[in-house]
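# Analysis of the macromolecular model
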Amino acid sequence: MVAVCAGAFVLYSRAGANPGCESPRGAGACTRVFFLGNSYTAVNDLPTTFAALAWSGGHRVETAIQAPGGWTLLDHSTSQLTVGVLAASRWDYVVLQEQSEIPSDSSQRQAVMYPAARDLVAMIRAAGASPMFFLTWAHRDGWPQNGMADYASMQAAIDTAYLFIAGEQHAAVAPVGFAWSEVAGQESSPDLWQGDGSHPSTKGTYLAACVFYAAIFKQSPAGLGYHPWLSDADAAQAQDAAAATVLGDLSRWGLA
C-alpha cells in the first residue's frame, strides 16, 4: 500500500488480497482504477472491496482513491492532487462520483456537476484513461426539503443527471443506483443504507463493488466467493442484481 496524506484526507493505492500490477510479473493483464469521489466511495473502502472481489474472479487490479468527505467533482477538477495522480500511473479507468445531492438538483447539476465533469473527462482522456461515471443511489427517504418526497423520485433525478452527462461525453457508467433500486424493490426493509439513510452499509458497498466488477470486466460476479460481511444469500442477491443490471444492456451504460 502506498499512502500520501494531504490535509484532512488520505490518497492511497492498495490491492489488499489482490496481488496488484507489480507482482507476479508475466501473470496476465492487470487493470488500474482510480476512484474520485467522497464518503460514498470511501465508507467501507469500496476500492479495496472491488479489488478483493476482482481477485476472487481471477483479475489482478490496482486501485487508488481520492475521496475527502463532501467533495464534489468541482473540487476534484481543481485539485492539483488529481493532476498528479493521473500523471503518476497509467490508469485504465478513472471513476467519477459526484456529491450525493447535486445530481438530483437541476440547477446544481447544470452549474456545478456538468462543467466539472466535462473538465475531468478531458483530463482523464488526456492522461490515456477511460472515464466511468459512478451513478449513485438516492437517500432512503428522498430529499423532501428540495421537492423529492421519497427515494424513487430522488433516484429518478440522479439517474437523469448521470445518464445525460455520460451520454454527452460518450463515457461509461457503472449503474450502481439502478442495481440498488433492483435490490430495494425485493425487500420491504433493504439493508443497503446506514442509519443516516444516506451512506452505504457493508451490503450497499458490496453491491457497488459487484456493479463495478460487471462494468469493468463485462463478466457476471455471480458465484464469486468473496463476501466476508454477507451471508451467502445476501451476496448472491447483490451479485445477481449487478449482473442483471449491467450485462442485460451494455450499450445503455456505454459499455458495448
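For the structure itself, consult the block above.
Now for a look at the structure at hand.

Calculation notes
Residues numbered from 1 in each chain as written. Predicted model: local features only at pLDDT ≥ 70, side-chain atom pairs only at ≥ 80, totals over all residues. Heavy atoms only, no water. Helix = DSSP H or I, 4+ residues; strand = E, 2+ residues; numbered from the N terminus. Expected span 1.5 Å × (residues − 1). Buried < 20%, exposed > 50% of the residue type's maximum accessible area, 1.4 Å probe, protein only. Contact = heavy atoms within 4.5 Å. Disulfide = S-S within 2.5 Å. Salt bridge = Lys/Arg side-chain N within 4 Å of Asp/Glu carboxyl O.

On to helix 9 (residues 232–247). Taking 1.5 Å per residue, 16 residues should reach 22 Å; helix 9 reaches 22 Å between its end C-alpha atoms and fits that length. Buried residues of helix 9: Ala 235, Gln 237, Ala 238, Gln 239, Ala 241, Ala 242, Ala 243, Thr 245 and Val 246, and no others. Contacts made by the buried residues of helix 9 are with helix 7 (176–184) and helix 8 (202–217).

The backbone phi angle of Asp 45 is positive, close to 55 degrees, even though this residue is not glycine. Inspection of the secondary structure puts Asp 45 in the loop between helix 1 (39–42) and helix 2 (46–56). On the basis of relative accessibility, which here comes to 12%, the residue Asp 45 falls in the buried class. In this structure, His 170 is a non-glycine residue whose phi angle is positive, near 50 degrees. Position of His 170 relative to the elements: it lies in the loop between helix 6 (151–169) and strand 7 (172–174). What makes His 170 exposed here is its relative accessible area of 69%.

The next point concerns the state of the cysteines. Per the stated rule, a full pass over the model turns up one disulfide. Disulfide pairing places Cys 21 opposite Cys 30 at an S-S distance of 2.0 Å. Looking down the S-S bond of the Cys 21 and Cys 30 bridge, the torsion is -80 degrees, so its handedness is left-handed. Here Cys 210 stays unpaired: no disulfide links it, and the sulfur of Cys 30, its closest cysteine neighbor, is 20 Å away.

We now examine the pattern of salt bridges. Applying the stated criterion across every chain, the model contains four salt bridges. A salt bridge links Glu 62 to Arg 32; the nearest nitrogen and oxygen atoms lie 3.4 Å apart. Taken together, the residues span a long stretch of sequence, with Glu 62 in strand 4 (residues 60–66) and Arg 32 in strand 3 (residues 30–36) at a distance of 30 residues. Side by side, Glu 62 and Arg 32 carry an identical accessibility label, which is buried. Among the ionic pairs, Asp 234 bridges to Lys 203, the shortest N-O distance being 3.7 Å. Taken as a pair, Asp 234 in helix 9 and Lys 203 in helix 8 lie far apart in primary sequence, 31 residues in all.

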